[in-house]
Amino acid sequence: MSYGDGMGTRTARSEERRAEILRAALEVIAERGYRGATLGAVAERVGLTQQGLLHYFRTKEALLVAVLEERDQWDAVPDGRWRLDLLASLVEYNAMRPGIVQTFSALLGESVTEDHPARPYFTQRYGNVRESMASVLRTEYGARLPGGLTPERAAPLLVAVMDGLQYQWLLDPESVDMPGAFRDFLALIEGDPGDPGDPGDPGDRGAPDDAGDAEPG
């Protein structure tokens, strides 16, 4: 084996080890939250000493950011262009991986504190996501949505629904149909009045057969 082949093998093993550490970190954070997830706990899960773990990630903050970036890579669209139908598919996909969603949601909730190391990441991420969602809405509807909002004004609402549904679903997955609720929200955006025969339609509740002939009470 040449020297170059040996370097390539070591690099590949190092990357595999890093990936293993990231998976372990996701599990530990999901179980204990960021503040309860120690480097020692992650190291123990992958069979390393804490000092050995620091060879791959020099600080806990570096490991945290790597975990978040790894999640973004999993959700990335190849051409970088989202569509509403792809967003609905992403929500359905997230419903099949509660551990990842739990990790992201736990870190997001903790990041609102001023000293949290993930705060800059989430601040920048949400800026990028709002811009991306505005582009999605503009591609789908043009300068105005059916309800009259501009894509820029509607984008934060779209992001809020996606992340807010995740919290509700994590707390009570039996009661919250996350993919279904998101599809309902898309129907609201599109101005779809729904099925007129739906018993949940308030326009049908208690209406007389011939409203024009109803006598005053």
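Just so it is clear, the structure is predicted and the values come from calculations on it, not from any experiment. (Residues numbered from 1 in each chain as written. Predicted model: local features only at pLDDT ≥ 70, side-chain atom pairs only at ≥ 80, totals over all residues. Heavy atoms only, no water.)

**Digging into the confidence of the model for the chain**
In step 1: Per-residue confidence for the chain gives a mean pLDDT of 82, with 81% of residues at or over 70.
In step 2: The weakest mean pLDDT in the chain belongs to helix 1 (residues 3–36) at 80; the strongest belongs to helix 8 (residues 151–171) at 96.
In step 3: In this model, residues 196–217 is a region of pLDDT below 50 whose contacts with residues beyond four sequence positions or in other chains number seven contacts. (pLDDT = per-residue confidence, 0-100. Helix = DSSP H or I, 4+ residues; strand = E, 2+ residues; numbered from the N terminus. Contact = heavy atoms within 4.5 Å.)

**A closer look at empty space enclosed by the protein**
In step 1: Summed over all chains, the structure comprises two cavities of 30 Å³ or more.
In step 2: Considered as a void within the structure, the largest cavity measures approximately 70 Å³ in volume.
In step 3: Contributing to the lining of the largest cavity are Ala25, Val28, Ile29, Tyr34, Ala37, Thr38, Leu39, Val42, Lys60, Leu63 and Leu64.
In step 4: Only helix 1, helix 2 (39–45) and helix 4 (60–74) provide two or more residues apiece to the lining of the largest cavity.
In step 5: When residues of the lining of the largest cavity are assigned to their parent elements, the largest contribution, four residues, is made by helix 1.
In step 6: The computed volume of the second largest cavity comes to approximately 30 Å³.
In step 7: Lining the second largest cavity, in full, are Leu26, Val67, Leu68, Arg71, Ile100, Thr103, Phe104 and Leu107.
In step 8: Those elements giving two or more residues to the lining of the second largest cavity turn out to be helix 4 and helix 6 (98–110).
In step 9: Considering every element that reaches the lining of the second largest cavity, the biggest residue donor is helix 6, with four residues. (1 Å grid on protein atoms, 1.4 Å probe; cavity = no way out; pocket = protein on both sides within 12 Å on 5 of 7 lines; lining within 4 Å. Points joined across faces, edges and corners; volume = space filled by probe spheres on them.)

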